[in-house]
Amino acid sequence: MADFFNTYGPLIVSMVLGALLGLSLYLPLMTGQLSLASPGFYALGGYIAAILSTQVFPSSDSLFPIHLLLLEMLIAAFVSGLLGLLVGIPALRLRGIYLAIATIAFVEILRVISLNLEITGGAVGIFAIPQPFATPIEYLWVALPLLLITMVILYRLERIRVGRAFIAIREDELAAGAMGINPTYYKVLAFTLGAILAGIVGAVSAHFLNTWNARQGTFDASIVYLTSVLIGGSRTFVGPVLGGMVFTALPEILRAIADTPNLPLWLAQFLRDGRLIFFGLLIILGTIFFPQGLVTPDLFKRRQHSLKHEIKPDP
């Protein structure tokens, strides 16, 4: 068992972090907003943690103090939420593909800024970020509770007034406005919550990866997160969790297949380097055959209905 966790520990933690990033994209989608800004806030949170841990909170201990990691997560959440609020108010006046383009531009602006600032290390980035844990699998002590807490919050959110307002706006914004719901307020709220979650995940990931640079928040990452949500399911939080885990592990699975003996060279090269092409094909096929994703609310309703019939006593 120890060998298993030593070998696959980094992948397991990456899958949990991928699920959290999927949820950060799912939050704006709850109001029908196709925002691809999560990688930008993810990169921002990572830079905040990297700068604080290497320049502001230098520690002489062998392991970085956990309470300082939690403080970095709080600071990343605050800064990402504030920036999300400032960006969301003007950006969410746009809809559909125009909002997607605007948020992609936001991600690129942050990437270019990070490439040209001395404090972020420029193109090289920030290295030797201190580790709060001795082994990668121990990051589950932070990542797994964060995922569970986020899932519980979203479960409750979908069943209270705020969540119902989100869903009403997603289904028909004009009808929701006619019922007294303020679409702008709730869209900005969902966008800001997604920014906060992405910033927190970035802070954890900076320590987990031990290095942070402009490659962490790119358009490529947006495609991966979008695939995880659209294929996993965009109508319930379970879909992004499942999709985020699967599509985080998928590149590693493809690389393992590429190492199969006697595999044609062109196919092995495609499996190693063509993951974005593969994800793009999945988005196209998924939107055609599974427009709401693989996991939908109806799936749970049918399951509950069948269970009721199974336990119903015979007359």
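Note on numbering: residues in each chain are counted from 1, in written sequence order. At least 70 in pLDDT is required for a residue's local features to be given in this predicted model, at least 80 for side-chain atom pairs to be given and counted, and no such filter applies to totals for whole chains, interfaces and linings, which use all residues. The side-chain numbers reported here are obtained from all heavy atoms of the structure, hydrogens and water having been left aside.

A. Local environment of the overall build of the protein. When its secondary structure is counted, the protein shows 13 helices and 0 strands. For the protein, the N- to C-terminal ordering of α and β elements is α-α-α-α-α-α-α-α-α-α-α-α-α. For the protein, the C-alpha radius of gyration of 21 Å lies close to 20 Å, the compact-globule estimate for 315 residues. Referenced to the eigenvectors of the C-alpha coordinate spread, the extents of the protein come out at roughly 70 × 50 × 40 Å. Exposure classes here rest on a 1.4 Å probe applied to the protein chains alone. A residue is buried below 20% of its type maximum, exposed above 50%, and partly exposed in between. A total of 315 residues make up the protein; the buried ones form 47% of that total. A fraction of 80% describes how many contacts in the protein between residues 6 or more apart in sequence connect residues 24 or more apart. Numbering of helices and strands runs from the N terminus, with a helix taken as a DSSP run of H or I at least four residues long and a strand as a DSSP run of E at least two residues long. With the radius of gyration taken over C-alpha atoms, the globule rule is written as 2.2 Å times the number of residues to the power 0.38. Any two residues having at least one pair of non-hydrogen atoms within 4.5 Å are treated as being in contact.

B. Spatial organisation of the side chain of T211. For T211, the position within the fold is in the loop between α8 (183–209) and α9 (219–232). For T211, the contacting residues outside a window of four places in its chain are I126, F127, I129, A206 and Q216.

C. Main features of the environment of L94. Residue position: L94 is located in the loop between α3 (66–91) and α4 (96–115). Residues L94 and A175, spaced 81 residues apart in sequence, show a C-alpha to C-alpha distance of 18 Å.

D. Focus on the packing of aromatic side chains. Pairing of aromatic side chains here covers Phe, Tyr and the six-membered ring of Trp, requires ring centres within 6.5 Å, and sorts the geometry by plane angle: under 30 degrees stacked, over 60 edge-to-face, intermediate tilted. Inspection of every chain in the model, using the stated rule, returns 7 aromatic pairs. Relative to W212, the ring of Y42 has its centre 5.2 Å away and its plane inclined at 65 degrees; by these criteria the two rings are edge-to-face. Remark: W212 occurs in the loop between α8 and α9 and Y42 occurs in helix α2 (residues 38–56); sequence separation between them is 170 residues. Exposure remark for Y42: the relative accessible area of 7% places this residue in the buried category. Here the aromatic residues F41, F106 and F191 are joined through ring pairs into a cluster of three or more. A cation sits over an aromatic face here: R159 above Y155, 3.8 Å from the ring centre. Placement of a positive charge over a ring is assigned whenever Lys NZ or Arg CZ falls within 6 Å of the ring centre and within 35 degrees of the normal to the ring plane.

These figures come from the coordinates and say nothing about function on their own.
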